[in-house]
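# A look at the structure
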Amino acid sequence: MKSRQRRATRRANEISIDQVIAASRQLTQMDESLKAQGYTCASGRLYPCRDGSYTARVVWRNRSAGMTFAGSVQGLVLRP
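What you are looking at is a predicted structure, and each value in this text was computed from that prediction instead of being measured. (Residues numbered from 1 in each chain as written. Predicted model: local features only at pLDDT ≥ 70, side-chain atom pairs only at ≥ 80, totals over all residues. Heavy atoms only, no water.)

### Looking at the pattern of salt bridges
A side chain with one charge may pair with a side chain of the opposite charge, provided their charged atoms come close. Selection criterion: When a carboxyl oxygen of Asp or Glu is within 4 Å of a side-chain nitrogen of Lys or Arg, the pair counts as a salt bridge. To qualify as a helix, a DSSP run of H or I must reach at least 4 residues; to qualify as a strand, a run of E must reach at least 2; elements of each kind are numbered from the N terminus.
Considering all chains together, one arrives at one salt bridge under this definition. Here K35 ties to D31 by a salt bridge, and the two come within 3.5 Å at their closest N and O atoms. With K35 and D31 both in helix α3 (residues 25–36) and four residues apart, the pair spans about one turn of that helix.

Next up, the structure:
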(Lines give C-alpha, C1' and ligand atoms only; values in the text may rest on other atoms or scores of the structure.)
Protein backbone atom coordinates (compact mmCIF):
# COMPACT_ATOMS: atom_id res chain seq x y z
CA MET A 1 0.00 0.00 0.00
CA LYS A 2 2.87 2.39 0.68
CA SER A 3 4.16 1.99 -2.88
CA ARG A 4 0.77 3.06 -4.27
CA GLN A 5 0.76 6.16 -2.07
CA ARG A 6 4.33 6.98 -3.09
CA ARG A 7 3.48 6.66 -6.80
CA ALA A 8 0.42 8.87 -6.41
CA THR A 9 2.49 11.52 -4.64
CA ARG A 10 5.17 11.46 -7.33
CA ARG A 11 2.56 11.89 -10.08
CA ALA A 12 0.94 14.77 -8.24
CA ASN A 13 4.31 16.53 -7.91
CA GLU A 14 5.32 16.23 -11.58
CA ILE A 15 6.27 19.37 -13.47
CA SER A 16 7.20 19.63 -17.14
CA ILE A 17 10.60 20.71 -18.39
CA ASP A 18 8.91 23.57 -20.25
CA GLN A 19 7.53 24.93 -16.96
CA VAL A 20 11.00 24.76 -15.38
CA ILE A 21 12.58 26.55 -18.34
CA ALA A 22 9.86 29.23 -18.30
CA ALA A 23 10.47 29.90 -14.59
CA SER A 24 14.04 31.10 -15.24
CA ARG A 25 15.11 33.91 -17.54
CA GLN A 26 18.57 32.36 -17.89
CA LEU A 27 17.19 28.94 -18.89
CA THR A 28 14.75 30.59 -21.31
CA GLN A 29 17.59 32.43 -23.04
CA MET A 30 19.70 29.26 -23.20
CA ASP A 31 16.76 27.29 -24.59
CA GLU A 32 16.03 29.82 -27.35
CA SER A 33 19.70 30.10 -28.32
CA LEU A 34 20.34 26.36 -28.37
CA LYS A 35 17.13 25.55 -30.26
CA ALA A 36 18.20 28.06 -32.93
CA GLN A 37 21.43 26.02 -33.25
CA GLY A 38 19.55 22.73 -33.72
CA TYR A 39 19.54 21.43 -30.14
CA THR A 40 16.51 19.82 -28.52
CA CYS A 41 15.71 19.61 -24.83
CA ALA A 42 16.68 16.07 -23.81
CA SER A 43 16.11 15.93 -20.05
CA GLY A 44 15.85 17.90 -16.86
CA ARG A 45 16.05 17.41 -13.13
CA LEU A 46 15.15 19.41 -10.03
CA TYR A 47 17.08 19.30 -6.78
CA PRO A 48 15.37 20.77 -3.70
CA CYS A 49 17.26 23.28 -1.54
CA ARG A 50 16.82 23.89 2.20
CA ASP A 51 15.28 27.33 1.68
CA GLY A 52 12.39 25.96 -0.42
CA SER A 53 13.88 26.87 -3.79
CA TYR A 54 15.27 24.43 -6.36
CA THR A 55 18.37 23.90 -8.43
CA ALA A 56 17.40 22.96 -11.98
CA ARG A 57 19.62 21.09 -14.42
CA VAL A 58 18.51 20.90 -18.05
CA VAL A 59 20.28 19.01 -20.84
CA TRP A 60 20.02 19.87 -24.54
CA ARG A 61 21.24 17.48 -27.25
CA ASN A 62 22.11 17.95 -30.91
CA ARG A 63 22.06 14.44 -32.36
CA SER A 64 23.33 15.39 -35.82
CA ALA A 65 26.43 17.06 -34.34
CA GLY A 66 26.81 14.52 -31.53
CA MET A 67 26.99 17.29 -28.93
CA THR A 68 25.35 17.73 -25.53
CA PHE A 69 25.06 20.89 -23.45
CA ALA A 70 23.96 21.06 -19.81
CA GLY A 71 22.84 24.20 -18.01
CA SER A 72 21.88 24.70 -14.39
CA VAL A 73 20.28 27.45 -12.35
CA GLN A 74 20.18 27.78 -8.56
CA GLY A 75 17.51 29.48 -6.47
CA LEU A 76 14.61 28.65 -8.79
CA VAL A 77 11.20 29.29 -7.22
CA LEU A 78 8.37 27.27 -8.73
CA ARG A 79 4.77 28.27 -8.21
CA PRO A 80 1.96 25.73 -8.50
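### A closer look at the nonpolar core
What counts, and what does not: Here the nonpolar core consists of buried residues drawn from Ala, Val, Leu, Ile, Met, Phe, Trp, Tyr and Cys, with membership extended through side-chain atoms lying within 4.5 Å. When a residue's accessible area, from a 1.4 Å probe over protein chains only, is under 20% of the maximum for its type it is buried; when over 50% it is exposed; and in between it is partly exposed. The contact rule is simple, with two residues in contact once any of their heavy atoms fall within 4.5 Å.
One finds V20, I21, L27, M30, L34, Y39, A56, V58, W60, V73 and L76 forming the largest nonpolar core, which totals 11 residues. Among the elements of the structure, α2 (17–22), α3, β2 (54–62) and β3 (67–76) are those that each provide at least two residues to this core. Beyond its immediate stretch of four places on either side in the chain, I21 contacts L27, T28, D31, C41, V58 and W60.

### Some words on the environment of T28
Threshold: Polar contact criterion, stated in full: a pair of N or O atoms within 3.5 Å, where within protein one must be able to donate a hydrogen and the other to accept it, and residues adjacent in sequence count only if both atoms are side-chain atoms.
Of note, T28 is situated in helix α3. On a C-alpha basis, the gap between T28 and D18 in space is 9.2 Å, while along the polypeptide they are 10 residues apart. If sequence neighbours within four positions are ignored, T28 has contacts with I21 and A22. Engagement of the side chain of T28 in a polar contact is seen with the backbone oxygen of I21, the distance being 2.8 Å.

### Quick look at the pairing of strand β1 (residues 40–48)
The test is simple: Strands qualify as paired when DSSP identifies two bridges or more between them.
In terms of strand pairing, β1 meets β2 through eight bridges, oriented antiparallel. Within β2, the position partnered with S43 by the bridge is V59.

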